[in-house]
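A structural walkthrough
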Amino acid sequence: MAALHAWLLLLPALVLLAAFTHWPAVATFIDSFFSTPRGSRPGVWVGLENYQVMAEDPVFWKAVTNNLWFAGATIPLSIGLALLMALWVNERIPGRAAVRMAYFTPTVLPMIAVANIWLFFYTPQYGLLEQVTGALGLPSHNWLGNPSTALACITVVAVWKEAGFFMIFYLAALQTLNPSLREAAAIEGASRWTFFRRIQWPLLMPTTLFVLVNAIINGFRMVDHVFILTRGGPDNASTLLLYHLYEVGFKFWDTGYASAISVVLVVTLASVALFQFFVLDKRVHYK
Amino acid sequence: MQRKTFNRGVAALAAAAALGIGGAARAQQQVEIPFFYPVAVGGPIAKIIDGFANDFMKANPGIKVTPIYAGTYQETIVKALTAHKAGTPPVFSVLLSTDMFTLIDEDAIVPVDGFVKTAEDKAWMGSFYKAFMLNSQAGGKTWGVPFQRSTVVMYWNKEAFKEAGLDPNKAPQTWAELKSMATKLTKKDSSGKVTQYGVQIPSSGFPYWLFQTLTTTNDAILANEAGTQVKFDDPKVVEALQYWVDLGKAGVHPPGVVEWGTTPKDFFEKKAAIIYTTTGNLTNIRSNAKFDFGVGMIPANKRKGSPTGGGNFYIFKKASPAQQEAAFKFIKWVTAPERAAQWSIDTGYVAVSPAAYETPPLKKYGSEFPPALVARDQLPHSVAELSTHDNQRVTKALNDGLQAALTGAKPPAQAMQDAQREADRLLRSYK
């Protein structure tokens, strides 16, 4: 009876989890072994063919390289910037509330609106960026229309967006640190850098791990500003994995192949997360 | 929760349910037909569409039309096809005319021919411009009804022409003239930075469509009518791409990929003296340009021409027969000459039938503002917009090739050969 009661209490959460998380994942895994159903032609078992298509798809590999580059740049940059901002607004500086708010603003703005604003920042000839570089006497540059800078432009927007969000976690963590540590360090005559390196940074490790998990996930699920800014172009120079997945799934309606890409993406992210929880998590707590 | 409030809540729910049933009974006499539409040009499109729906409902009390704005063309087809796969598609929708083969392959739509019964219906079907029907018919059936249709036209800044010492009333007529005029129109500041480009042809979003203005005028057709074969590596196609790339190399066209969405703004801001864009931007440009401008046909090389573009109405297969009939009635009503004329005046889109240009409002508008008639005059030279089976993917192969050539990553010939190889692979199973 008690067990039944417990299961009944768990039921709503179980139903939601199963319907929106577990079943779609399993269904996607199964679909990845079938061809795409079209109209009245149902999907048939094709084994690993979708995975073979993926291995031979140059756009997929371009998206993988781009995404690794993107993640490799956004993760350290946004975390580092977040930490710097948090350390700064944790001090007693004039206009502290206003500065905190300014840093956090990008996080609360809708991404599509933000991307549209950035689109005009990057516009050749009269965009904000061009006004600045033009005033410095530098030549005009088509930031989003050039394959060598398109991805970097998207990265900048992502860092700008993420850093404010991560700052909140660091700020919260900094405020839980025991103030007597700072006083002790001051009495010992430790420099600010030593205090940060030997005391604050080790104590912030659990927060850094949490932020890192989020940063990695965000690094691979970034898609919204690609739509507005470049649509993956020019010539796939700024295609990211999730955007490629969207194109295959909802533009080309090749759901079989899209399922295979989803499976690869989920497996990769899951293994990164497992590594973080089982290996890194044991090492971050300062004892 | 207290028992009393709980009981009251139950009573309220029961009352609501009873009302709901009553509502359903009333709705049986009224057919509801939701439809999705995209917005692809500037201007108050949503307001105009809502106005049409209200006027239609006043005249037909038995039908409730619900227009639903669904984003860009791309977002609209994603929503419509997802809903189709989930079993509840809109009754009808405005989607790109080039998505016809995709919709047929997905078994999502029904041909319009089945609703055409009376002589009046037949006359209506025959009333559209032939150029627009090229992207609306396949396999001997008509699948789409032309609605927000367009062609690419050229806009030029007359003041910039005067400043450059050119005749402001004489637009470039040929590729050679376009290039030489663009050279004169390109302005640089003291440091050598370009402040005004001579010509700008956008290449983001749907580069293939703008590229068709060059292939068509070079007398090349990109795809066959059945949508199963493309000719991207035709020497005439490569030559057309070479011309586009050369404009950039000569410094009279902006480098890299040019954004579609900001091109009209570049024109108002005098950053480009000549632009290529849809005639659907006419009203937008007319209300924003602070200078005298001209609208002209696309400059010719071997021949005149431009692809048609824009959206058709499609009726979805999974809607009930009563809904499909009601949708057909609305489509017929909204494409009638007087509405088509109004739509053309309000937006700049081409009216879909010659009869619309004979209505007094559009005749008057055309005589006061002759640029509104350029797109119509270009229609006899127009060709079908690139459309094949697996359309989005085949088109992407071409778009990627175009962008690779425009950014200098690949020479035009190689870019087109790569696109051809990819397209052949994709179309293999449709032959």
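Residues numbered from 1 in each chain as written. Chains lettered and ligands numbered in written order. Predicted model: local features only at pLDDT ≥ 70, side-chain atom pairs only at ≥ 80, totals over all residues. Heavy atoms only, no water.

Here we come to the overall build of chain B. Summing up its helical and strand segments, chain B has 18 helices and 12 strands in all. Computed over C-alpha atoms, the radius of gyration of chain B comes to 24 Å, within 12% of the 22 Å expected from 2.2 N^0.38 for 431 residues, which places it in the range of a compact globule. In terms of overall dimensions, chain B has a C-alpha envelope of 80 × 60 × 50 Å along the principal axes. When each of the 431 residues of chain B is scored for burial, the buried share is 58%. Within chain B, contacts between residues at least 6 apart in sequence are counted, and of these 76% link residues at least 24 apart. With an accessible surface of roughly 17,400 Å², chain B has 56% of that area assigned to carbon and sulfur atoms. (Helix = DSSP H or I, 4+ residues; strand = E, 2+ residues; numbered from the N terminus. Rg over C-alpha atoms; globule rule 2.2 N^0.38 Å. Buried < 20%, exposed > 50% of the residue type's maximum accessible area, 1.4 Å probe, protein only. Contact = heavy atoms within 4.5 Å. Areas by Shrake-Rupley, 256 points an atom, 1.4 Å probe, with all protein chains shown as cover.)

To continue, consider the UniProt feature "domain: ABC transmembrane type-1" (unreviewed entry) in chain A. UniProt feature "domain: ABC transmembrane type-1" (unreviewed entry): in the numbering of this structure it lies at residues 64-276 of chain A. For residues 64-276 of chain A, the helix share is 77%, the strand share is 0%, and the end-to-end C-alpha distance is 21 Å. (UniProt positions renumbered as here; feature names shortened; annotations may be inferred.)

Let us look at empty space enclosed by the protein. For the structure on display, the rule yields five cavities of 30 Å³ or more. Counted as a void, the largest cavity has a volume near 230 Å³. Taken together, 23 residues line the largest cavity, and the ones lying closest to its centre are A:Pro124, A:Asn142, B:Val257, B:Val258 and B:Glu259. Taken together, the residues of the lining of the largest cavity sort by class into 10 nonpolar, 10 polar and three charged. Lining the second largest cavity we find A:Arg38, A:Lys251, A:Phe252, B:Thr102, B:Asp105, B:Glu106, B:Asp390, B:Asn391, B:Gln392 and B:Tyr430. Of all elements in the fold, only helix H4 (100-105) and helix H17 (391-406) of chain B reach the threshold of two or more residues within the lining of the second largest cavity. Residue classes in the lining of the second largest cavity are distributed as two nonpolar, three polar and five charged. (1 Å grid on protein atoms, 1.4 Å probe; cavity = no way out; pocket = protein on both sides within 12 Å on 5 of 7 lines; lining within 4 Å. Points joined across faces, edges and corners; volume = space filled by probe spheres on them. Nonpolar A, V, L, I, M, F, W, Y, C, P; charged D, E, K, R; others polar.)

Glancing now at a nonpolar patch on the surface. All names here are of chain A. Taken together, Met-1, Leu-4, Trp-7, Leu-8, Leu-10, Leu-11, Leu-14 and Val-15 make up a surface patch of nonpolar side chains, about 870 Å² in accessible area. With respect to the helices, strands and loops of the structure, Trp-7 is situated in helix H1 (residues 2-31). A relative accessible area of 55% means that Trp-7 is categorised as exposed. (Patch = residues over 30% accessible without salt bridge, like charges linked within 9 Å, V, L, I, M, F, W, Y side chains within 5 Å. Salt bridge = Lys/Arg side-chain N within 4 Å of Asp/Glu carboxyl O.)

Here we take up unusual backbone geometry. Within the chain, A:Asp235 stands out as a residue other than glycine whose phi angle is a positive 50°. The phi dihedral of B:Lys270 falls on the positive side, at around 60°, and the residue is not glycine. Mapping B:Lys270 onto the fold places it in the loop between helix H11 (263-268) and strand S10 (272-278).

Before going further, it helps to examine the packing of helix H9 (residues 207-217) of chain B against H17(B). Helix-helix packing is described using two parameters, namely the angle between the two axes and the distance between the axes. Residues and elements named next belong to chain B. Relative to each other, H9 and H17 sit at 70°, their axes nearing to 9 Å. Regarding the angle of H9 to H17, the classification is roughly perpendicular. For the pair H9 and H17, contact is made by Pro-207, Tyr-208 and Phe-211 and by Thr-395, Leu-398, Asn-399, Leu-402 and Gln-403, respectively. (Axes fitted to C-alpha atoms, helices over the stretch in contact; angles between N-to-C directions. Parallel < 35°, antiparallel > 145°, perpendicular 65-115°, else oblique.)

Further remarks concern the nonpolar core. Residues and elements named next belong to chain B. Within the largest apolar cluster, 70 residues are counted, with the highest numbers of intra-cluster contacts made by Phe-35, Phe-92, Tyr-155, Phe-293, Phe-313 and Phe-330. The dominant element in this core, judged by the number of residues it contributes, is helix H13 (residues 321-334), at seven residues. Inspection of this core shows a minimum of three residues originating in each of domain 1 (30-150 + 309-381) and domain 2 (151-221 + 232-308). Apart from the residues lying within four places of it in its own chain, the contact partners of Phe-35 are Ile-49, Val-65, Thr-66, Pro-67, Ile-68, Pro-90, Phe-92, Ser-93, Val-94, Phe-313 and Phe-330. In terms of nonpolar packing, the next biggest core, distinct from the first, is built from 51 residues, Leu-185, Leu-210, Val-238 and Tyr-243 among them. (Core = buried A, V, L, I, M, F, W, Y, C linked by side-chain atoms within 4.5 Å. Domains from an automatic or database assignment.)

The computed volume of the second largest pocket comes to approximately 1,400 Å³. Lining the second largest pocket are 37 residues, with A:Val53, B:Arg393, B:Glu422, B:Arg425 and B:Leu426 positioned closest to its centre. Of all the elements in the fold, those that place two or more residues in the lining of the second largest pocket are helix H2 (49-55), helix H3 (58-90) and helix H12 (241-251) of chain A together with H17 and helix H18 (412-427) of chain B. Here the element with the most residues in the lining of the second largest pocket is H18(B); it accounts for six residues. When grouped by side-chain class, the residues that make up the lining of the second largest pocket number 13 nonpolar, seven polar and 17 charged.

It is worth spelling out the UniProt feature "transmembrane region" (unreviewed entry) in chain A at this point. Residue and element names in this part refer to chain A. Mapped onto the present numbering, the UniProt feature "transmembrane region" (unreviewed entry) falls on residues 68-89, 101-121, 149-172, 201-220 and 257-280. Helix makes up 90% of residues 101-121 and strand 0%, and the two end C-alpha atoms of the span are 22 Å apart. As annotated, residues 149-172 comprises 96% helix and 0% strand, and the C-alpha atoms at either end are separated by 35 Å.

Before going further, it helps to examine the interface of chain B and chain A. At the junction of the two partners, chain B supplies 34 residues and chain A supplies 30 residues. Interface area, chain B with chain A, both sides summed: about 2,800 Å², of which 53% is carbon and sulfur. At the boundary of chain B with chain A, the tally comes to three salt bridges. The shortest N-O distance in the salt bridge between B:Glu259 and A:Arg231 comes to 3.6 Å. Our count for the contact surface shared by chain B and chain A stands at nine residue pairs in polar contact (both at pLDDT 80 or more). Mapped by element, the contributors of at least two residues to the side of chain B that touches chain A are helix H3 (73-86), strand S9 (194-200), H11 and H17 of chain B. (Buried area = accessible area lost by both parts, 1.4 Å probe. Polar contact = N/O pair within 3.5 Å; in protein donor to acceptor, adjacent residues only side chain to side chain.)

One pass over the full model with this rule turns up 21 salt bridges over all chains. Here B:Lys85 ties to B:Glu106 by a salt bridge, and the two come within 3.5 Å at their closest N and O atoms. With B:Lys85 in helix H3 and B:Glu106 in the loop between H4 and strand S4 (109-110), this pair connects stretches of sequence that are 21 residues apart. Looking at B:Glu106, the relative accessible area reads 3%, which means it is buried. Residues B:Asp107 and B:Lys317 are paired through a salt bridge, measuring 2.7 Å at the closest nitrogen-oxygen approach. One end of the pair, B:Asp107, is in the loop between H4 and S4; the other, B:Lys317, is in the loop between strand S12 (308-316) and H13, with 210 residues separating them in the sequence. B:Asp107 sits in the partly exposed class, given a relative accessible area of 29%. One salt-bridge network, held together by shared partners, links A:Glu247, A:Lys251, B:Lys396 and B:Asp400.

Let us now look at the domain arrangement of chain B. One frequently used descriptor of interface size is the decrease in accessible area upon assembly of the parts. Residue and element names in this part refer to chain B. According to the domain assignment, chain B consists of domain 1 (30-150 + 309-381) and domain 2 (151-221 + 232-308). The C-alpha-based centres of domain 1 and domain 2 are spaced at 29 Å. Between domain 1 and domain 2, the contact holds 26 residues from the first and 25 residues from the second. Across the interface of domain 1 and domain 2, roughly 1,900 Å² is buried in total on both sides, 58% from carbon and sulfur atoms.

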